[in-house]
Amino acid sequence: MKKCAKAKRLLSGYLDKETPDKGADFIRRHLSDCRICSREYSNLLNIKNMLSGRERTVLAQDHIVKRLYTNREFGKRYSLLDSLGSLSRSFMPVPAVIAALFLAFVISDLRKDQGRYYLEDYIMSAGPVTTELALELILTE
Amino acid sequence: MKSEINEDIFYVQQFIGGEEQGFKMLVNKYQNNLLNLAYSLTGYCHESEDIVQEVFFKVYRNLKFFKQRCRFSTWLYRITVNTSYDFLRRKRIFKSREGSLVDEIADNRNNPREKLLEKQREDLLNRALSKVPFKYRAALIFKDIEGLSYVRIARVLHCRIGTVESRIYRARQILKKELLKHKEDII
């Protein structure tokens, strides 16, 4: 039984001819003695043969080349965007949104300043300056 | 083998130097290998061509970053495995589908009985393969269909040789279990 367990462990490698000589000798001897392991081996061999005997498709020369060169996107060798991962790409709009918000804030602040009437402007306009008006203009600054 | 590696390096250098011909040569050299690999990994026929196209698309864009720490074909296989995995994840179906490559293969045969049997066998194999988890399936396909050594499979799949061995073993066990359910249809 112990031998069977060892053989089972080595069988796959033996099938692929990847077992060291010592292990291969052991398997060969065991397979000639044990019917269960021998059946297991023939089952695995059948599977291997089925897979390796599968028909392979052969494409015409330049088949993929033609497909590639008719693609519009093809031809661009490398862009900075390609170096980014999918996560970085999904976060790409974040700095743009921050920049847009900052710009909107600055513009709105400038507009506020444009509407303001400062004390200096009033004095320069040579109008009558009362204490009440001066205080009001200072406090609203 | 060595001349084959040198040939790949020559084409890669040619492409990096600005000659498209180098890239075209690489595509023609590997298109069939990658198509069969993508088909075995996904079980989808027509989509396999799209996968191969996507692989070469990625290669075209990133070839100048290929460091040549491994063989070009190893790098190509790795991209194919990743692209196939992404494709299956997008599809959310890890099963093979009807209308497979078998239809095209079988059409070349004249004998209708032979055609039908071949189609049945291939469908069963595809269905059984789809039951094998992707990691195990990839290792098994590289060994049994592409005929790579354990060392190369380990390089392609970025894992240890022991891991490759156990993945292949497990894949075979699952495949055997699935195929034995339909023993009389296959053998």
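For the structure, see preceding data.
Computed from a predicted model, the values in this text were never measured in an experiment.

Considerations on the overall build of chain B
Part 1 of the reasoning: Assigned secondary structure in chain B consists of 10 helices and 0 strands.
Part 2 of the reasoning: Helices (α) and strands (β) of chain B occur, in sequence order from the N terminus, as α-α-α-α-α-α-α-α-α-α.
Part 3 of the reasoning: Taking all 187 residues of chain B together, the buried fraction comes to 52%.
Part 4 of the reasoning: At a minimum sequence separation of 6, the contacts of chain B that also span at least 24 residues come to 66%.
Part 5 of the reasoning: Of the roughly 9,300 Å² that chain B leaves accessible, carbon and sulfur atoms contribute 49%.

Describing the overall build of chain A
Part 1 of the reasoning: Broken down by element type, chain A carries 8 helices and 0 strands.
Part 2 of the reasoning: Starting at the N terminus, the α and β elements of chain A follow one another as α-α-α-α-α-α-α-α.
Part 3 of the reasoning: The proportion of buried residues among the 141 residues of chain A is 26%.
Part 4 of the reasoning: Carbon and sulfur atoms provide 60% of the accessible area of chain A, an area that totals close to 10,700 Å².

What to know about helix H9 (residues 161-180) of chain B
Part 1 of the reasoning: Between its first and last C-alpha atoms H9 of chain B spans 28 Å; for 20 residues at 1.5 Å apiece the expected length is 28 Å, and the two agree.
Part 2 of the reasoning: Listing the buried residues of H9 of chain B in full gives Val-164, Arg-167, Ile-168, Ala-171, Arg-172, Gln-173, Leu-175, Lys-176, Glu-178 and Leu-179 of chain B.

Digging into the nonpolar core
Part 1 of the reasoning: Phe-56 and Phe-72 of chain B are the most contacted members of the largest nonpolar core, which has 61 residues in total.
Part 2 of the reasoning: For this core, the leading source of residues is helix H2 (residues 20-42) of chain B, giving 9 residues.
Part 3 of the reasoning: In contact with Phe-72 of chain B, not counting residues within four places along its chain, are Asp-8, Val-12, Leu-26, Tyr-30, Val-59, Leu-63 and Phe-66 of chain B.
Part 4 of the reasoning: Membership of the second largest hydrophobic core comes to 13 residues, among which are Ala-7, Leu-11, Ile-27 and Cys-34 of chain A.

With respect to the interface of chain B and chain A
Part 1 of the reasoning: Between chain B and chain A, the residue contacts involve 52 residues of the former and 38 residues of the latter.
Part 2 of the reasoning: Both sides of the chain B and chain A interface together cover about 4,300 Å² of buried area, and 52% of this is carbon and sulfur.
Part 3 of the reasoning: Applying the counting rule to chain B against chain A returns 24 residue pairs in polar contact (both at pLDDT 80 or more).
Part 4 of the reasoning: Of all elements in the fold, only helix H1 (2-16), H2, helix H3 (46-62), helix H5 (101-107), helix H6 (112-130), helix H7 (134-144) and H9 of chain B reach the threshold of two or more residues within the side of chain B that touches chain A.
Part 5 of the reasoning: Of the residues in the side of chain B that touches chain A, the class split is 25 nonpolar, 12 polar and 15 charged.

Re unusual backbone geometry
Part 1 of the reasoning: The phi dihedral of Asp-62 of chain A is positive, around 65°, even though this residue is not glycine.
Part 2 of the reasoning: Within the secondary structure layout, Asp-62 of chain A lies in the loop between helix H3 (35-52) and helix H4 (63-69).
Part 3 of the reasoning: Backbone geometry at Gln-68 of chain B places phi at a positive 60°, although glycine is not the residue there.
Part 4 of the reasoning: Along the polypeptide, Gln-68 of chain B turns up in the loop between H3 and helix H4 (72-91).
Part 5 of the reasoning: Taking the relative accessible area as the measure of exposure, Gln-68 of chain B reaches 33% and is therefore partly exposed.

The rules we used
Residues numbered from 1 in each chain as written. Chains lettered and ligands numbered in written order. Predicted model: local features only at pLDDT ≥ 70, side-chain atom pairs only at ≥ 80, totals over all residues. Heavy atoms only, no water. Helix = DSSP H or I, 4+ residues; strand = E, 2+ residues; numbered from the N terminus. Buried < 20%, exposed > 50% of the residue type's maximum accessible area, 1.4 Å probe, protein only. Contact = heavy atoms within 4.5 Å. Areas by Shrake-Rupley, 256 points an atom, 1.4 Å probe, with all protein chains shown as cover. Expected span 1.5 Å × (residues − 1). Core = buried A, V, L, I, M, F, W, Y, C linked by side-chain atoms within 4.5 Å. Buried area = accessible area lost by both parts, 1.4 Å probe. Polar contact = N/O pair within 3.5 Å; in protein donor to acceptor, adjacent residues only side chain to side chain. Nonpolar A, V, L, I, M, F, W, Y, C, P; charged D, E, K, R; others polar.

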